[in-house]
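# A look at the structure
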Amino acid sequence: MLFGKSRILILAVVICFISPVIRADLWSVGYYPGWEQSSMPASNIDFAALTHIIHFSLVPNADGSLNSSANGVTTANSLDIVSRAHAAGIKVLICVGGADSESGFQGATSNANLALFISSLTNFVATRGYDGVDVDWEPLPLSDFQQYTNLLNGLYSALSAFPQHKLLTVAAGAYPPYGDSATAEYAMYAQLQGKLDQINIMTYDLSGPYDGWVTWFNSPIYNGNYHFPSSGGLVPSIDASVSNFINNGVAAAKLGIGIAFYGYVWTGGSGTSTGGVTQPRQSWTTAPTVNTYSYTTIMNSYYQSNLYHWDDSAQAAYISITNANPAQDMFISYDDQRTCQSKISYARNRGLGGVMIWELAQDHQSGTSDVLLETIKQAFTTPRFSGITINTNDVTLNFSSLPLALYRISWTGDVASGIWNTLTNNVVGNTNPVLTITDSGVLTNQMERFYRVQTPP
């Protein structure tokens, strides 16, 4: 598999030998719901695009027991995904929780039930062959922090007792629940990070038709320094959330950012300058409706090339639809192929641990390739040399690039020396898939020269 937080390629001119050297520490985690296994069997998953699968999801019962049937985590489904993933060298974790799981967790992690709950989880892991547990406590207000901490500490100890290392990961909110302390969530994860293998931030669902809001993206990388007209506060973004975690003491390498295989469809509304909502950053007097649809549905039902737009300041894709009836106007925010590429670059540039996908089946359609997952796989193998030209004493290098990516090109006459000289630094990838760098007048007295392309610089 080709994954790397720092992807390095070495090229020797003259003998034209290409050797990729990759640090395999940028993870690619895909959530895989049990209820999706009939429409997307495990045999259809491209495991080469992933480092981990999170099987979703056990429901915590208030008495400390587990409900495995509610989300389709049957014995047969567990066996199918675990056996196929392991055959491909991929680890599989079982998730516990999900949306609106708070009350179940509260009961299960009470003093009376915590021990039973932890043993129920570890027994499930052992019986069905999982490689660890992912905790998805939603919502997670400040009032639950102590029980949440007790669960993670206890679960870490129990998983550490296995002969082979078992993983413990969490799905973390990008921002604290409304009304909670602005920093308490991040400080809590800073204290717990030593027990956690991954903290995957749910950097999606970052907008909605709320009072005082505007149309905004589901999962934008940046806020573009745009402030809510009603409050003056900055709109949410992945970068701001990541900065909150890091600035409060969480190591960047512990963090993963979310890639959404679905989007938000905003429809109608009134009081905008155009009638209904069709663009980001629009206010309204009557709120639009907002529904979520899979990437596949958005592409099949709404996408047309002339309706597609890219927002540079937010690094986000959207579709703008204007109808004769303003009540049918639409603003559609979703992650597309360019978004996936930009998020891989962003994770590398900030030294993060990886990316997390919700969820694999929303990009899947029988009989066709999984476009977003394939894009992610290709992004992990970029940069790649695509050509070299030697003209007299000049060397011209061509290599594939990604949006937002930063590259350093270095050279040496002796790889064994370990001494590399910078030819150029902070070369920025863009929508042009191939970057060209020329090293002029270098081969007069040197018959061999090695080049290295590295990201991030």
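Per chain, residues are indexed from 1 in the order of the written sequence. Confidence filtering applies because this is a predicted model: local features only for residues at pLDDT of at least 70, side-chain atom pairs given and counted only at 80 or more, and all residues used for totals across whole chains, interfaces and linings. The side-chain quantities take in all heavy atoms of the structure and omit both hydrogens and water.

## Concerning helix α3 (residues 114–128)
Since the α-helix packs 3.6 residues into each turn, any two residues three or four apart lie on the same face. To keep it simple, the criterion reads: Under the DSSP-based scheme used, a helix requires at least four consecutive residues in state H or I and a strand at least two consecutive residues in state E, with every element numbered from the N terminus. Every helix has an expected span of 1.5 Å times one less than the residues it contains. For every residue, the accessible area obtained with a 1.4 Å probe (protein chains only) is divided by the maximum for its type, and the residue is called buried under 20%, exposed over 50%, and partly exposed between those limits.
Taking 1.5 Å as the rise per residue, α3 with 15 residues should run 21 Å; its terminal C-alpha atoms sit 21 Å apart, in good agreement. Along α3, the residues classified as buried are Leu114, Phe117, Ile118, Ser120, Leu121, Thr122, Phe124, Val125 and Arg128. Of the residues trailing α3, glycine 129 is marked for its positive phi of about 80 degrees.

## Comments concerning the sheet that holds strand β18 (residues 394–400)
Operational definition: A pair of strands is labelled paired if DSSP reports no fewer than 2 bridges between them. Working convention: axes come from line fits to C-alpha atoms, limited for helices to the stretch in contact. Angles between N-to-C directions cover 0 to 180 degrees.
If you trace the three strands from one edge of the open sheet to the other, you get β17-β18-β21, paired in antiparallel fashion. The two strands at the open ends of the sheet, each matched to only one other strand, are β17 (385–391) and β21 (434–439). Mean inter-strand twist for the sheet, computed between neighbouring axes without regard to direction, equals 15 degrees. The pairing of β18 with β21 spans six bridges and is antiparallel. Counted as the bridge partner of valine 395 is aspartate 439 from β21.

## Considering the nonpolar core
Considering soluble globular proteins, one finds that nonpolar side chains tend to be buried as a cluster. What counts, and what does not: Residues belong to a common nonpolar core when they are buried Ala, Val, Leu, Ile, Met, Phe, Trp, Tyr or Cys residues joined through side-chain atoms within 4.5 Å. Note on contacts: a residue pair qualifies if any of its non-hydrogen atoms lie within 4.5 Å across the two residues.
In terms of nonpolar packing, the biggest core is built from 100 residues, with Ile53, Val135, Tyr148, Tyr189 and Leu360 touching the most fellow members. Every residue in contact with tyrosine 148, bar those within four places of it in the chain, is listed here: Val135, Trp137, Leu140, Val170, Met188, Tyr189 and Leu192. Judged by nonpolar contacts, the second largest core, of 30 residues, contains Phe217, Phe228, Tyr262 and Trp266.

## Describing helix α4 (residues 145–160)
What counts, and what does not: Along the arc lie the directions from the helix axis toward the C-beta atoms.
Here α4 is 16 residues long and its end C-alpha atoms lie 22 Å apart, about the 22 Å a rise of 1.5 Å per residue gives. Within α4, the full set of buried residues consists of Phe145, Tyr148, Thr149, Leu151, Leu152, Leu155 and Leu159. All buried residues of α4 fall inside an arc of 160 degrees around its axis, so they share one side. On its buried face, α4 is in contact with α2 (102–108), α3, β7 (132–137), β8 (167–173) and α5 (184–192).

## Some remarks on the pairing of strand β4 (residues 52–60)
Counting buried positions along β4 yields eight of nine residues, so the element is predominantly enclosed. As paired strands, strand β3 (residues 27–33) and β4 are joined by five bridges and run parallel to one another. By the bridge assignment, glycine 30 is partnered in β4 with isoleucine 53. As paired strands, β4 and strand β6 (residues 91–98) are joined by five bridges and run parallel to one another. Residue pairing in the sheet places histidine 52 in a bridge with lysine 91 of β6. Connecting the antiparallel pair β4 and strand β5 (residues 66–67) is a turn made up of five residues, with glycine 64 showing a positive phi of about 95 degrees.

## Some thoughts on the sheet that holds strand β15 (residues 330–334)
The five strands are arranged β12-β11-β15-β14-β13 in an open sheet whose pairing can be described as antiparallel. The sheet terminates laterally at β12 (289–294) and β13 (308–311), the two strands that pair on one side only. Recorded for the sheet is a direction-independent mean angle of 25 degrees between the axes of neighbouring strands. Pairing of strand β11 (residues 262–267) with β12, which is carried by six bridges, proceeds in the antiparallel orientation.

## Notes on the packing of α3 against α4
Cut-off, in case you're wondering: What sets the label is the angle itself: under 35 degrees gives roughly parallel, over 145 gives roughly antiparallel, 65 to 115 gives roughly perpendicular, and the rest give oblique. Working rule for handedness: look at the near helix, and if it is turned counterclockwise from the far one by less than a right angle, call the crossing left-handed; if clockwise, right-handed. Each residue receives one of three labels: charged for Asp, Glu, Lys and Arg, nonpolar for Ala, Val, Leu, Ile, Met, Phe, Trp, Tyr, Cys and Pro, and polar for the others, Gly being one of them.
Between α3 and α4, the shortest axis-to-axis distance is 10 Å and the interhelical angle comes to 45 degrees. Considering their axes alone, α3 and α4 lie oblique with respect to each other. Seen along the crossing, α3 lies across α4 with a hand that is right-handed. For the pair α3 and α4, the contacting residues are Leu114, Phe117, Ile118, Leu121 and Thr122 in the first and Asn150, Leu151, Gly154, Leu155, Ala158 and Leu159 in the second. When its residues are assigned to classes, the contact of α3 with α4 shows eight nonpolar, three polar and no charged.

Remember that the coordinates give geometry; whether it matters functionally is a separate question.
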